[in-house]
Structure formats: structure tokens, C-alpha cells
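The primary structure of each chain is shown beneath.
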Amino acid sequence: MSQKATPTNRRVSLACVPCRSKHLRCDATTPVCARCRSEGLQCVYAKSRRGGRRARHPQPEPQLPSDNSLSAQRPIPNTSAPPIAPCPAALTDDDRSTSRNSNSNSNSDALSDSSLPEQFIARYYSFFHFAHPCVLPQWALKRRLANDPQPLQALVAVLQYIGSVYAKSALAASLKVEAEQAISTLATNGNGSGSAMFTGFDVQAVLLFSIAIYWGNEPEKSMTLLDRAIAMALQLGMPSKEFACSNGDNDPLLEECWRRTWWQIYMTDAHIAGSTSTYPFRTSGMDMSVDLPCDEDAYESGKIPTPRTLQDYDMREFLDDDERMFSSYAELVGLTRGLDLALATRQGMTITNAPTICANADAAVTAWRSLLHPSKKEIVREDGTVDELLFKASIIIQTYIVDIHRQLSTLAYSPIEAIAHCSPPPPPESLRGCNSPQCQLHTAKVLRAIDQFDDLLTLPTNITTHTPFIICMISNLVIAHLAACRFHYTGQPLKLARERVRLSMGALKVLGEYWPMGQRTYKEVGIIAREILGLKEQSSKQGVDGEASQESVSETSPGSGFVPRSEPEPEPDFGPAFEAHMPDVSVFMDQPSFADIQLLDTNFDFCGLFDMNVPSMAAV
């Protein structure tokens, strides 16, 4: 039996095209092999030209299912048929390490119709799982489905929907409806005896679906579902240390899965708070005793070490290097807890407490960095791969530095920024108009964070495998960068800054191909870029005409043309020296309509926009 499952004379001849072209060994994992995943390459398998045994004799070639026949290949709520082809109950170490699909010659861009549900699940694990690693590893999920599929119905429906998004499948809309139906059937209350009628797998389903529809441009529904996921988790007792042990079926892997589920709830809540600028967030200050997650390689292999506790982490400054070794996931949790504490009072930021809030956040970040184990100080591992969770921690740090320090910097806010749904609200008037040396220090911190964020985007990763929450992070960094282009950079530094803006806009455009909220964000930032960079161009022309032209400029009105303005209304006052070469923003501002945003499609030529004094290159 074991020889049949793993024949000794098996050879892997199905190398993907990138590996084959470089004459490199390929593990033939589908839909994306390990090498292509680590290098961010497009993994494509050439169709075999051999005949003979590869032909299917008894069955006709299956056709791509229609909406009516979809239920035959995907799970429907309240059914017991497993949605993924079952695998043996006992898996080898090779099965755990590779989690290969049975259809090893499938193309990563054109999914085979013979096992669409399984391939959608594979897409989920290839593109979404490692940025939100709470679901069981793929091999473990398959084994549990083969033994007892019923508790996993809602979760699998959500995983298939997310996978179909990354496959750009026409079935994504139908799968979304099925996922919604599966979640709607979940019980929300107890059974009267104090115990819940749902499981941790159901909590995972609601949580992951809330993330997916948030970036599917349904933020209100998403936040309602996140509230529901938090309530379900609290009813089960997931924040407590005891939950994982009492609900883990004596399986260390399942216990680890439950710990990760709570921490993914906490991280998602923090991401939503950052994207919507709402502090403190829902789970801030909650009593938590759940242990910290292990490293990803241990989780994926199923070899779970003894978990580290929050108490261990909170005393790490007194531990030796060997004892201070925490997983990347644990370090991400620790960073988020530190920022949560530092930013809890940010909602009421004033001129009095703003410097203290910035100082507290800086202290939390600096302490976190200094106490990292030496093996965690580099995002890129020795084998050239990128640690996804440390990558996420790094972009969170740069995003918050820009967010909080810009309010005290010389990079003024423009009214046009309000059209971006990700954009934080402008600071109160008491925080504007600073041009002191202290404000210049805040400006320097913002500019450095922008550069470091851009450097992260150039790492050898596939941008689509990062969490979609990076969309709002990129948006806010680009808007701050545009302000720097207008207020700070000139000459060669300005040209280089525009190149970096292109980098970020390209990342937004790629993410927008999968997530509607990403496409919306790309359009919003384009409107802002046209206005802010257009203002800089008009500013240069006015400098030539002289100061007299500034006094005669009129404000635009909803009617036709301009109307005289008795008194200029500068926004904001940066002092005489600064004001001499920086015109009033509102003088040139046309408030955009929703139609303006619709007109800016994803083929907008940003290169032509950024090189306003240089003939633009032909659009690609």
C-alpha cells in the first residue's frame, strides 16, 4: 500500500517553464512551485506532448461547470460531501512538506476544470494563507476533510471563494454567494446549556470572509462580520490559554491553529483600525492569556514546539539571546500590542499630546527592533526568501511613522486628500502650520520612512501574496510622498521621488486586478496626484509671474469660470519665507466629483503625469 502511494521509481518530469528554462530543479508543486513562489515568478506548466497513459479512457473530458452544475463540484451548505478530493488519513513527511495536488500538470494561469474546488483551495494557500496563517496547513485540512467534512463546510466555501478571486475565475461571484449562504446558516447563539453551537472553524470562516469582502469594496458589511467573528470567539473563550488545550482533541497542530485564529482576529482588528483611523480598536485592552504562535515552518510541518507565553514575551528584555527566540508571528503580535498601547489615545490628539503620542510610538518601535533575536533582524532569509510576517511588521512600522509624524511635519495636507477612503483625517488646526526645527525633524522621519517602505516593495516577492491591507498602507504612503514632491523635493531628488511614486502606483494597480477596493484606491490616488502635482506646476509658473499674480487669483465656483475674491485664505500659514514660493492650495482647487474618479481608469498614464515637463513615453 505504501509502495503504491509513493513508488520508488517515480521521477518528477513536470518541471515548470521558468525552472526548466534555467535548468533548475523544480518540485512540481501546483499551482506555484516553491522556487517561483520565493522569487515571485509566474509559474506555468507546459502541456505534455506525450500520449499513451496520460489519456483518460473511461471518462470523457469534463467541461467547465456552469452556474447550475456548480453544486456538483463545490460544497453546498448543510451537505456532507467533501469539497476536496480526499487523501489518505496518514500522510508522510513528504506529503506535509509539499502538499502537492494530484493534478500535477495543471497550469497556474488556466485552471483545469477537472478539480476546480481543489485548485481554488490551492490558490488560497499560494496567495492568501501565508499573510493570514490561521487555517490548518493544506495537508492537514485535506486529512480532516476526509475524516469529518461537516464542521468545515463554511470554512471551505470561504477558502474556495478567496482562491477563485486569485484565479480571476468567472465563478467567483457564485462562490461568494455560496460562502455568504454558508456563513448565514451558522448559529450565532448558544444552545441553552451555555455551550456554543459553532466551532473555531466557523470563526475562521467569518473572519476570513470579512477580510475578503472588505477588499471587495464592502467595508460596512465586512466590519459587521468582523464584529460577529469577535463575538463568536469571545463566546468560545478563544482569548484564554485554556481554549486551545480543551478544544484541541489532543492534537498539538489543532491547538496551534486555535491560538493562531485568535491572534489573526486581533491582527485583523488592528488592520481595520489603521485603515479607518479608528482608535482604540475593538479588541484593545481585552484580557488575553492565549499563548503565542510558533514559527511557520514548524506549523506547516505539523511539528509544534512547546508554545511561548505572553508573560515570556513581556519579560524578553531580561532574557538571554537563546531564550529571546520568538517566532515571526509572535514578534508581529508583540509589535501590534506595543503600537496599540502607544496609539490608544490618538483619537483625541491635540497640540499638547501629539508629541507624546509620537514619542511613545517611536519608543515602542525602537524597543521592538532592539530586542529582536539576531535571526529575526533580517527580513530576507539566508536562502533568499522573504519572511512574510516580518515583512508585514516592517511595512506596519513605516506606515505608522508616516501617519503620526506627518501631522507634525512641514508636509501640509491638501483638501483633495479627503477623497481617498484610506486617507486619515487631517490634523486639527492647532497642529498645522509648523516650520520649526522640531517640525523639520518630523519631516525627516516621514521622508526616511517613505524611502524604507519603497525599499520593501522592491524585495523579491510577489506583491499579490501580501495581505490586501497593504493597499491602504501604500495609498497613505503615496499621498505623503506626493506632498513631499510638492513641498520638499526639487531638482534631481524630485525626479527620483517621482520614480518611487511610480513603484507604489504599480503595486496598487496590480493589487487592483484582484481586489475592487484596490482598483478604487488606485483611482482615488490618481485624482490626488493630478491635483497635487498640477499645483506644483502652477506654482512654478506663478513664481515667474511674480507675487502680484498671487493676489489677483480667483477661486473657482460651481458656475462658469472665476469670481473675484476680496481676501486670500491661505492654507495653512508656513511663515513668510515659506509662503513666498508656496501658493495657496485652495486657489487652484477644483473639488472632484464622483464622476471624476470614475473617469480615471486603471490605464491612466502616470508616467506622463509625473513627467509634466518631459514628453511622455508611449503608454505600454
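Residues numbered from 1 in each chain as written. Predicted model: local features only at pLDDT ≥ 70, side-chain atom pairs only at ≥ 80, totals over all residues. Heavy atoms only, no water.

Undergrad: Explain the overall build of the protein residue by residue, including any values.
TA: A count of helices and strands for the protein gives 25 helices and two strands. The buried share among the 620 residues of the protein stands at 52%. Counting only carbon and sulfur atoms, one obtains 54% of the accessible surface of the protein, whose full area is about 28,300 Å². (Helix = DSSP H or I, 4+ residues; strand = E, 2+ residues; numbered from the N terminus. Buried < 20%, exposed > 50% of the residue type's maximum accessible area, 1.4 Å probe, protein only. Areas by Shrake-Rupley, 256 points an atom, 1.4 Å probe, with all protein chains shown as cover.)

Undergrad: Account for the packing of helix H9 (residues 200-214) against helix H10 (residues 219-236), naming residues and giving values.
TA: Put simply, H9 and H10 touch, their axes get as near as 8 Å, and they point 160° apart. Of the possible angle classes, the one that applies to H9 and H10 is roughly antiparallel. Of the two elements, H9 crosses H10, and the hand of that crossing is left-handed. For the pair H9 and H10, contact is made by Gly 200, Asp 202, Val 203, Val 206, Leu 207, Phe 209, Ser 210, Ile 213 and Tyr 214 and by Pro 219, Lys 221, Ser 222, Leu 225, Leu 226, Arg 228, Ala 229, Met 232, Ala 233 and Leu 236, respectively. (Axes fitted to C-alpha atoms, helices over the stretch in contact; angles between N-to-C directions. Parallel < 35°, antiparallel > 145°, perpendicular 65-115°, else oblique. Left-handed = near helix turned anticlockwise from the far one by under 90°. Contact = heavy atoms within 4.5 Å.)

Undergrad: Give me the lowdown on the UniProt feature "domain: Zn(2)-C6 fungal-type" (unreviewed entry) in the protein, citing residues and values where you can.
TA: Under the present numbering, the feature "domain: Zn(2)-C6 fungal-type" (unreviewed entry) in UniProt falls on residues 15-45. Taken as a whole, residues 15-45 contains 35% helix and 0% strand, while its terminal C-alpha atoms sit 7 Å from one another. (UniProt positions renumbered as here; feature names shortened; annotations may be inferred.)

Undergrad: Tell me about the pattern of salt bridges, residues and numbers included.
TA: Summed over all chains, the structure comprises 21 salt bridges. In this structure, Glu 218 engages Lys 176 in a salt bridge whose closest nitrogen and oxygen atoms are separated by 2.2 Å. One end of the pair, Glu 218, is in the loop between H9 and H10; the other, Lys 176, is in helix H8 (residues 172-184), and 42 residues separate them in sequence. Arg 500 is the partner of Asp 454 in a salt bridge, and the nearest nitrogen-oxygen pair spans 3.9 Å. Placement of Asp 454 in helix H18 (residues 437-457) and of Arg 500 in helix H20 (residues 491-512) is noted, with a sequence separation of 46 residues between them. Taking the relative accessible area as the measure of exposure, Asp 454 reaches 2% and is therefore buried. Given a relative accessible area of 27%, Arg 500 falls into the partly exposed group. (Salt bridge = Lys/Arg side-chain N within 4 Å of Asp/Glu carboxyl O.)

Undergrad: Describe the nonpolar core, listing the residues and the values that go with them.
TA: Ranked by internal contacts, the top residues of the largest apolar core, which has 156 residues, are Leu 136, Ile 162, Leu 208, Trp 215, Trp 263, Ile 474 and Trp 515. At 14 residues, helix H19 (residues 470-487) tops the list of elements feeding residues into this core. Each of domain 2 (115-187 + 196-307) and domain 3 (378-535) gives at least three residues to this core. In contact with Ile 162, not counting residues within four places along its chain, are Tyr 124, Phe 128, Leu 208 and Ala 212. Judged by nonpolar contacts, the second largest core, of ten residues, contains Cys 19, Val 32, Cys 43 and Tyr 45. (Core = buried A, V, L, I, M, F, W, Y, C linked by side-chain atoms within 4.5 Å. Domains from an automatic or database assignment.)

Undergrad: I'd like a rundown of the side chain of Thr 268, residues and numbers included.
TA: Structurally, Thr 268 is set in helix H12 (residues 252-276). In this structure Thr 268 comes out as buried when scored by relative accessible area, which is 2%. Of note is the side chain of Thr 268, whose polar atom sits 2.7 Å from the backbone oxygen of Gln 264. (Polar contact = N/O pair within 3.5 Å; in protein donor to acceptor, adjacent residues only side chain to side chain.)

Undergrad: Report on helix H7 (residues 153-166), specifying residues and quantitative values.
TA: The end-to-end C-alpha distance of H7 is 21 Å, a good match for the 20 Å that 14 residues give at a rise of 1.5 Å each. With respect to burial, H7 is a largely interior element, 14 of its 14 residues being buried. Remark: Lys 168 follows H7 within two positions and exhibits a positive phi of approximately 50°. (Expected span 1.5 Å × (residues − 1).)

Undergrad: Can you lay out the state of the cysteines for me, pointing to particular residues and giving the numbers?
TA: In the structure shown here, the tally under the stated rule is one disulfide. Sulfur-sulfur distance for the disulfide between Cys 422 and Cys 472 comes to 1.8 Å. Linking Cys 422 and Cys 472, the disulfide has an S-S dihedral of approximately -70° and is accordingly described as left-handed. You can see Cys 422 sitting in the loop between helix H17 (388-406) and H18 and its partner Cys 472 sitting in helix H19, a full 50 residues away along the chain. Across the pair, exposure class does not vary: Cys 422 and Cys 472 are buried alike. (Disulfide = S-S within 2.5 Å.)

Undergrad: Help me get a handle on unusual backbone geometry, residues and values and all.
TA: Working note: non-glycine residues mostly have negative phi, and peptide bonds are mostly trans. For Ala 28, which is not glycine, the phi dihedral falls at a positive 60°. Within the fold, Ala 28 resides in the loop between helix H2 (17-21) and helix H3 (34-39).

Undergrad: Explain the environment of Leu 371 residue by residue, including any values.
TA: One can find Leu 371 in the loop between helix H16 (354-370) and H17. Residue Leu 371 is classed as buried on the basis of its relative accessible area, which comes to 17%. Those residues within four positions of Leu 371 in sequence are excluded, and the remaining contacts are Arg 316, Glu 317 and Arg 324.

Undergrad: Before we move on, could you go through the packing of H16 against H17 and cite the residues and values that matter?
TA: One can describe the packing of H16 onto H17 by two numbers: an axis separation of 10 Å at closest approach and a directional angle of 160°. Relative to H17, the element H16 lies roughly antiparallel. Of the two possible hands of crossing, H16 and H17 adopt the one that is left-handed. Along its contact with H16, which presents Cys 358, Ala 361, Asp 362, Val 365, Trp 368 and Arg 369, the element H17 presents Ala 393, Ile 397, Gln 398, Ile 404 and His 405.

Undergrad: Outline H17, supporting the account with residue identities and numerical values.
TA: For H17, with 19 residues, the first-to-last C-alpha span of 27 Å sits near the 27 Å given by 1.5 Å per residue. Within H17, 19 of the 19 residues are buried, which leaves it mostly tucked inside the rest of the structure.

Undergrad: Give a description of the packing of aromatic side chains that names residues and reports values.
TA: Evaluated as defined, the whole model comprises 15 aromatic pairs. Plain terms: the ring middles of Tyr 313 and Phe 326 are 5.0 Å apart, the flat faces sit at 75° to each other, and that makes the pair edge-to-face. A residue pair is termed long-range when its members are at least 10 positions apart, and Tyr 313 in helix H14 (residues 310-314) and Phe 326 in the loop between H14 and helix H15 (328-343) qualify at 13 residues. One exposure class covers both Tyr 313 and Phe 326, and it is buried. Here the aromatic residues Tyr 124, Tyr 125, Phe 127, Phe 128, Tyr 166, Tyr 514 and Trp 515 are joined through ring pairs into a cluster of three or more. Over the ring of Tyr 514 we find Lys 168, and its NZ or CZ is 4.8 Å from the ring centre. Directly above the aromatic system of Tyr 413 lies the positively charged group of Arg 406, at a separation of 3.9 Å from the ring centroid. (Phe/Tyr/Trp six-rings, centres within 6.5 Å; stacked < 30°, edge-to-face > 60°. Lys NZ or Arg CZ within 6 Å of the ring centre and 35° of its normal.)

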